[in-house]
Structures are given as C-alpha cells and as structure tokens.
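# Summary of the model geometry
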Amino acid sequence: MMPMINLLVLFMLFLSRETLDQTKNEDLEAELLKTDIIRMDSLLFGIAFNQYDAALFKKIISDDVEFYDDRYGLNVPYGGKIKALIGNYARPEKVIRKLNSCTITKLGDFGALQLGEHTFFANDIPQATGKFIHIWERKENDWKLKRIVSYEHKSFENNTPLNFNTSSFIK
C-alpha cells in the first residue's frame, strides 16, 4: 500500500508542477499581449493621431474598420478618416489624445480586446474624456485595429455629455 501512496503523491506533485508551468506561460503570454497592444495604441495615437502621420494611421487601421460612436452610431467611413487625419495639419490648434487607462484581454486566436479611457487636449488644455473599446486583429506579426466603439464622451470642465462629434477634433 505504501508504494501506491508514494506513486500517488509523485503524480500529484507532477500535476501541480505542470499546472504551475502552464500558469506561468499564460501570465507571460498575457504580459506580451499587453505590451503589444500598448505599443500599437501608442503608435496609433502617439504618432499617427497626435503627430498627424496619415501613412502610419492607414497602416494600423484595418481596411474594413467599423467605428461606432455613442452619439452618432456608425461614424466616418475609412477613407474619410484618412482625409480627416490629413486635414488636421490645417487646424489652428494642436489636438492630441492621451491614454488614461486600459485593460487588455486575449480574444482567442483572433486578437485582443482593449477597453480604456482617454482625454483629448487642444493646445495642451484638456477638452474631453471618453471611453473606448478597440478590437485588434492579429495577422501573422501585424496588428490591425478592426472595430472601434467610442462612448461616454464628457466635457472635461463640467463632466457633462458632449453634443459634438469626436470627428470635430479631426476635421
């Protein structure tokens, strides 16, 4: 009976080690995913949006992107977004977006879900906050922003809902 108990204990130790190794791998995978998506968010907004890099913007956004806004439903079509981004060069004020917070979750083999909150600034003065949902698709080693849901836009000063389209920032 003793050898059977020893064998059972060894088997349980082996299983617990395998489970621990799997958990470590999942944690590492989650950290790598978070790093990738934060990097893509930084490229999308830190460079493409804030610095008006239309070529990078076009590279990051999927050709069949869908952009939903809490006030207007389905928003500007893809081609219009590129034109709107290029149009930022002519704006008298500098409009930028800063990420306040976000969480990132794996979406199976498809990609990732990013939930977050951000603030828009005009000439370094906070104008509005909003929340967003981004669905990122991974194709080989590239990430593409596939779906965007933008909601709960509020004026920074009095925390009231905004009655203007966020695309007014990118005329």
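First things first, this report covers the structure right here in the doc.

Before going further, it helps to spend a moment on the overall build of the protein. Within the protein one finds 3 helices and 6 strands. Put simply, the protein runs from its N terminus to its C terminus through helices and strands in the order α-α-β-β-α-β-β-β-β. Within the span of the protein, comprising 171 residues, buried residues form 36% of the whole. For the protein, the share of sequence-separated contacts (at least 6 apart) that also reach a separation of at least 24 residues comes to 56%.

Below, the discussion takes up the sheet that holds strand S3 (residues 95-107). Sheet architecture is open: 6 strands sit in the order S2-S1-S6-S5-S4-S3, paired in mixed fashion. Looking at the sheet topology across the chains shown, the edges are occupied by strand S2 (73-74) and S3. In the sheet, strand S1 (residues 61-69) pairs with strand S6 (residues 142-155) via 5 bridges, with the strands oriented parallel. The partner of Tyr-68 across the bridge, within S6, is Val-149.

Moving on: the pairing of S3. Pairing between S3 and strand S4 (residues 111-122): 12 bridges, direction antiparallel. In the sheet register, Ser-101 faces S4, and the bridge partner there is Glu-117. Connecting S3 to the antiparallel partner S4 that follows it, the hairpin turn spans 3 residues, and Gly-108 within it adopts a positive phi of roughly 50°.

Let us now look at the side chain of His-134. Checked against the element boundaries, His-134 lands in strand S5 (residues 125-139). Assessed through its relative accessible area of 2%, His-134 is described here as buried. Apart from the residues within four sequence positions on either side, His-134 is in contact with Leu-44, Phe-45, Ala-112, Leu-113, Gln-114, Leu-145, Arg-147 and Ile-148.

The rules behind these values
Residues numbered from 1 in each chain as written. Predicted model: local features only at pLDDT ≥ 70, side-chain atom pairs only at ≥ 80, totals over all residues. Heavy atoms only, no water. Helix = DSSP H or I, 4+ residues; strand = E, 2+ residues; numbered from the N terminus. Buried < 20%, exposed > 50% of the residue type's maximum accessible area, 1.4 Å probe, protein only. Contact = heavy atoms within 4.5 Å. Pairing = 2+ DSSP bridges.

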